[in-house]
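# Structural features, examined
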Amino acid sequence: MVYLKDVVTLRLDCDACIGCGRCLEVCPHGVFVLEADKCRIVDRDACMECGACARNCPVNALWVKNGVGCAVGILNSAFGRKSSCCGESQACCCGDPKAESPAEK
Amino acid sequence: MLERQENLPVEPDTGNRDWVIGNVETPTGRVPRVSTHWSWRDRLGAVAVRWNIGRRRYRVHPGLYAVGSPTAESPVLATANYKLSFDTLRGVLDGLDAWLLVVDTKGINVWCAAGKGTFGTEELIQRITVTEVAKVASAAILVLPQLAAPGVAAHEVRRRTGIRVVYGPVRASDLAAFLRAGMHATPAMRRVQFTLLDRLAVAPVELVQRLATALLIMLVFFLGAGVGRHGYRLAMEQWPAIATAVWANFLAGIVLTPALLPWLLGRSFALKGAEIGIVTGSGLWLWTRYGLMEGVAVVLLGVAACSFLGLMFTGSTTYTSASGVRRELRWALPLQIAGVVAGFVLWLMARWK
Ligand code: SF4
Ligand code: SF4
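Cut-offs used in this document
Residues numbered from 1 in each chain as written. Chains lettered and ligands numbered in written order. Predicted model: local features only at pLDDT ≥ 70, side-chain atom pairs only at ≥ 80, totals over all residues. Heavy atoms only, no water. Contact = heavy atoms within 4.5 Å. Buried area = accessible area lost by both parts, 1.4 Å probe. Salt bridge = Lys/Arg side-chain N within 4 Å of Asp/Glu carboxyl O. Near = heavy atom within 4 Å. Nonpolar A, V, L, I, M, F, W, Y, C, P; charged D, E, K, R; others polar. Pairing = 2+ DSSP bridges. Helix = DSSP H or I, 4+ residues; strand = E, 2+ residues; numbered from the N terminus. Right-handed = clockwise from strand over helix to strand, strands pointing away. Buried < 20%, exposed > 50% of the residue type's maximum accessible area, 1.4 Å probe, protein only. pLDDT = per-residue confidence, 0-100. Phe/Tyr/Trp six-rings, centres within 6.5 Å; stacked < 30°, edge-to-face > 60°. Lys NZ or Arg CZ within 6 Å of the ring centre and 35° of its normal.

Below, the discussion takes up the interface of chain A and chain B. Listed per partner, the contact involves 52 residues of chain A and 58 residues of chain B. Both faces combined, the contact of chain A with chain B buries some 4,700 Å², and carbon together with sulfur accounts for 56% of it. Across the chain A-chain B interface, the total number found is 1 salt bridge. A salt bridge links aspartate 45 of chain A to arginine 267 of chain B; the shortest N-O distance between them is 3.8 Å.

As structure tokens, then:
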């Protein structure tokens, strides 16, 4: 299953990438491949903006405005409320402002 | 010697600890050895939290544990202190020797905690330090759950603690295979899935959490049914049909939409929900034999309700992005509100005919 087209904020700086492969290891949706010692985005729409790749890239070659793709959480933070309604072993919706902040650069 | 875990200022375990089956002596003290089997208590607890019972207090004490007879070379497997996460992990380790590092995530599962930052770089480094993992398992590799990656910068952990870090598979059930393959994950082990079972797993919690809202909506319609040209009266003969309609939409939106998700048209959750709403609403119209005005109202309300519930389901999926949900909310929410208002007004007007 793939979500909406052309909406995610994922950015890759090819010049900075050192081809360590960490992003391939952490991405749960197979967004990247490694080609000639450089990382390449092959399935952009599959990205769920979890921020795992950006946080684990040792040279900050990746950037994504990470957040939790959850309507309840987004509405809650839009109204300035906090909530936590996590599903078991799944993605969750957490109106925690921290989950909404861009990944560390 | 005392158990090191007892020194930490954290909340105690829920209930008893019948999963502790002894101790392992280490250079820094005793480490509790845990069972790889679930007792009836563990099973009961796992069922209860699926129904939202005691979910927030279902925790284990953070710290270091042992499975089997681990040595200084055995892997250190990190997990959250949500008891279901911990139980799932120890449940797949039968016959293996390993250390378990339970991180304080305030009783929240790995993925949620990583998203929130509670399963984060700082907490992990602190837990590594206080449990003195480096002394207990000097040659070990720290295996993090892959789903902890949104919260943890592995290279930071390495830099500040000196411990080698790898990401294990997404699912605990692949862990044994991962370890046996020399800590190598196949691409499939790295991918998050969203099976029928996954999609339905959250339905009970959703049903329980939205119960009060559904009851309130039902009450509004019960009271609204009595208005009319001849003044107000309690129209109790309409209550069974109203109750049926409310519960049909409630169940359709929370159970049917997730179940049929891959087969519903389009990528938008608001749209997928609306499709279920059209079917539910039309079904109710046929069944109740309402007139045109009331029938259209029932369909409108059904579409709006199921579409809204579909959008709410984004929080339980494993593949929706925040940017995508924001885009959907912008166009769908106004339409859903308009649908509810129009449907409710039509439904009331039908009473004046
Ligand atoms: S944000 Fe998450 S899903 Fe998107 S590319 Fe990075 S790791 Fe993959
Ligand atoms: S983690 Fe960063 S440096 Fe490593 S392959 Fe991915 S983009 Fe390149």
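What follows concerns the site of ligand 1. As a structural note, the neighbourhood of ligand 1 is formed by Leu10, Cys27, Pro28, Val31, Phe32, Cys47, Met48, Glu49, Cys50, Gly51, Ala52 and Cys53 of chain A. Residue classes in the shell around ligand 1 are distributed as 10 nonpolar, 1 polar and 1 charged.

As a further point, take the site of ligand 2. Taken together, 14 residues lie around ligand 2, and Cys17, Cys20, Gly21, Cys23 and Cys57 of chain A are the ones closest in. Taken together, the residues of the shell around ligand 2 sort by class into 11 nonpolar, 2 polar and 1 charged.

Right, let's get into the pairing of strand E7 (residues 164–167) of chain B. Residue and element names in this part refer to chain B. Bridge count between strand E6 (residues 141–144) and E7: 4 bridges; the pairing is parallel. By the bridge assignment, leucine 142 is partnered in E7 with valine 165. Note that the unit made of E6, helix H6 (residues 154–161) and E7 has a crossover that is right-handed.

Going through the model one piece at a time under the given rule, you end up with 19 salt bridges over all chains. We note a salt bridge from arginine 40 of chain A to glutamate 35 of chain A, for which the minimum N-O separation is 2.8 Å. The class of arginine 40 of chain A is partly exposed, set by a relative accessible area of 39%. Residues participating in the shared-partner salt-bridge network are Asp42, Lys83, Asp87 and Arg90 of chain B.

This brings us to the confidence of the model for chain B. The predicted coordinates ought not to be read in detail in places where the model reports low pLDDT. Residues and elements named next belong to chain B. Chain-level statistics for chain B give a pLDDT mean of 90 and a share of 96% at 70 or above. Every residue in residues 1–11 scores below 50 in pLDDT, and together they form 35 contacts with partners more than four places removed in sequence or on other chains. Note on the complex model: pTM 0.82, ipTM 0.80.

Once that is clear, we can look at the packing of aromatic side chains. Describing an aromatic ring pair means giving the distance of the ring centres and the angle of the ring planes. Taken as a whole, this structure holds 15 aromatic pairs over all chains when the rule is applied. Each ring, one from tyrosine 58 of chain B and one from tyrosine 82 of chain B, has its centre 6.3 Å from the other, and the planes form 75 degrees; the classification is edge-to-face. Separated by 24 residues along the polypeptide, tyrosine 58 of chain B in the loop between helix H1 (40–50) and strand E3 (63–67) and tyrosine 82 of chain B in the loop between strand E4 (76–80) and helix H2 (83–91) bring together distant segments of the chain. Taking the centre distance of 6.0 Å and the plane angle of 20 degrees together, the rings of phenylalanine 344 of chain B and tryptophan 347 of chain B count as stacked. Here phenylalanine 344 of chain B pairs with tryptophan 347 of chain B, and both are found in helix H13 (residues 322–349), just 3 residues apart, close to one helical turn. The class for tryptophan 347 of chain B is buried, based on a relative accessible area of 3%. Through a chain of ring-to-ring contacts, three or more aromatic side chains come together here, namely Tyr3 of chain A together with Phe194, Phe269, Phe313 and Tyr319 of chain B. Over the ring of tryptophan 347 of chain B we find arginine 351 of chain B; its NZ or CZ atom is 4.0 Å from the centre of that ring.

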